[in-house]
Amino acid sequence: MENADFGNLRDWGNVLEKIEELSKAGKLGDCQHELIRVLRYNDNWRLREAAIMALPGVVKPSPSLIDEVLAIMMREDLYCEVRILAADALGRTLGNHSKKVRGGPDNPDGMTGKVLDGMKHLLDDPQPPILHKALRESVSRILNG
């Protein structure tokens, strides 16, 4: 499954090109461990944002990949825009998934329930209004497909 290697993340231009290339080819699902590695890399915001924005292009996201994006959305020490991107990517990804899975928005891995719980937690806490708006839209997208 893991046949893509992004190489040195400090060479971020090549990594961005690789993500775009794999996205266009529909092969992001083959490099989920590499996407997780990029999401965990704190030294380049462009890479993190590119990996987050690529999430809806992953056909069968692993629980580990969803968990990494969820962790970014939950991190209050990160800038609001990346948290909004994470909420939007989760909403689009799991909303697309709920369209394909009959019997409700949850999936066998329990990923959707975990994400919805995280979003509810953030909605219950004081957060910037723009983040609350993104969270409400993502919750709606997940629940309504």
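An account of the accompanying structure is given in this report.

Quick notes on the rules
- Residues numbered from 1 in each chain as written.
- Predicted model: local features only at pLDDT ≥ 70, side-chain atom pairs only at ≥ 80, totals over all residues.
- Heavy atoms only, no water.
- Axes fitted to C-alpha atoms, helices over the stretch in contact; angles between N-to-C directions.
- Helix = DSSP H or I, 4+ residues; strand = E, 2+ residues; numbered from the N terminus.
- Parallel < 35°, antiparallel > 145°, perpendicular 65-115°, else oblique.
- Left-handed = near helix turned anticlockwise from the far one by under 90°.
- Contact = heavy atoms within 4.5 Å.
- Nonpolar A, V, L, I, M, F, W, Y, C, P; charged D, E, K, R; others polar.
- Core = buried A, V, L, I, M, F, W, Y, C linked by side-chain atoms within 4.5 Å.
- Buried < 20%, exposed > 50% of the residue type's maximum accessible area, 1.4 Å probe, protein only.
- Expected span 1.5 Å × (residues − 1).
- Arc of directions from axis to C-beta.
- Salt bridge = Lys/Arg side-chain N within 4 Å of Asp/Glu carboxyl O.

**Side note on the packing of helix α2 (residues 32-40) against helix α3 (residues 45-54)**
Okay, so step 1: Running from N to C, α2 and α3 point in directions that differ by 140°, and their axes come no closer than 8 Å. When the interaxial angle is binned, α2 and α3 end up oblique. Where α2 crosses over α3, the handedness of that crossing is left-handed. Residues Leu35, Val38 and Leu39 of α2 lie in contact with α3, whose contacting residues are Leu47, Arg48, Ala51 and Ile52.
Okay, so step 2: Here the contact of α2 with α3 is built from residues that sort into six nonpolar, no polar and one charged.

**Some remarks on the nonpolar core**
It is characteristic of soluble globular proteins that their nonpolar side chains tend to be buried jointly.
Okay, so step 1: Membership of the largest hydrophobic core comes to 44 residues, with the highest contact counts inside it found for Phe6, Leu35, Met73, Leu90, Val115 and Met119.
Okay, so step 2: Going through the elements one at a time, α1 (12-25), α2, α3, α4 (63-74), α5 (80-100), α6 (111-124) and α7 (129-144) are the ones with two or more residues in this core.
Okay, so step 3: Looking at this core element by element, the count peaks at eight residues for α5.
Okay, so step 4: The contact partners of Met119, leaving out residues within four places of it in the chain, are Met73, Ala87, Leu90, Gly91, Leu135, Ser138, Val139 and Ile142.

**Structural notes on α6**
Okay, so step 1: Here α6 is 14 residues long and its end C-alpha atoms lie 20 Å apart, about the 20 Å a rise of 1.5 Å per residue gives.
Okay, so step 2: Turning to α6, its buried residues are Met111, Thr112, Val115, Leu116, Gly118, Met119 and Leu122. Looking straight down α6, one finds its buried side chains confined to an arc of 160°; they lie on one side. Looking at α6, the residues exposed on the side facing more than 90 degrees away from the buried face are Asp117 and Asp124.

**Quick look at the pattern of salt bridges**
Okay, so step 1: For the structure shown, the criterion picks out 10 salt bridges.
Okay, so step 2: Where Glu20 meets Lys24, a salt bridge forms, and the shortest distance between an N and an O atom there is 3.0 Å. Taken together, the positions of Glu20 and Lys24, both in helix α1 and four residues apart, correspond to about one turn of that helix.
Okay, so step 3: Relative accessible area serves as the criterion here: at 68%, Lys24 is assigned to the exposed category.
Okay, so step 4: Notably, a salt bridge pairs Glu137 with Lys133, separated by 2.8 Å at the nearest N-O pair. Separated by four residues within a single helix, Glu137 and Lys133 lie in helix α7, roughly one turn from each other.
Okay, so step 5: On the basis of relative accessible area, Glu137 is assigned to the partly exposed category, the value being 39%.
Okay, so step 6: With a relative accessible area of 46%, Lys133 lands in the partly exposed category.
Okay, so step 7: When salt bridges that share partners are traced, they join Asp5, Glu34 and Arg37 into one network.

**Quick notes on the environment of Gly118**
Okay, so step 1: One can find Gly118 in helix α6.
Okay, so step 2: Owing to a relative accessible area of 9%, Gly118 belongs among the buried residues under this scheme.
Okay, so step 3: A sequence separation of 17 residues divides Gly118 from Leu135, and the C-alpha atoms of the two residues are 9.8 Å apart.
Okay, so step 4: When neighbours within four sequence positions are excluded, Gly118 is seen to be in contact with Met73 and Met74.

**Thoughts on the packing of α6 against α7**
Okay, so step 1: Between α6 and α7, the least distance of the axes is 10 Å, while the angle of their chain directions is 150°. Judged by the inter-axis angle, α6 sits roughly antiparallel to α7. Of the two elements, α6 crosses α7, and the hand of that crossing is left-handed. Every residue of α7 that contacts α6 at Thr112, Val115, Leu116, Met119, Leu122 and Leu123 is listed here: His132, Leu135, Arg136, Ser138, Val139, Ile142 and Leu143.
Okay, so step 2: Here the residues of the contact of α6 with α7 sort into nine nonpolar, three polar and one charged.

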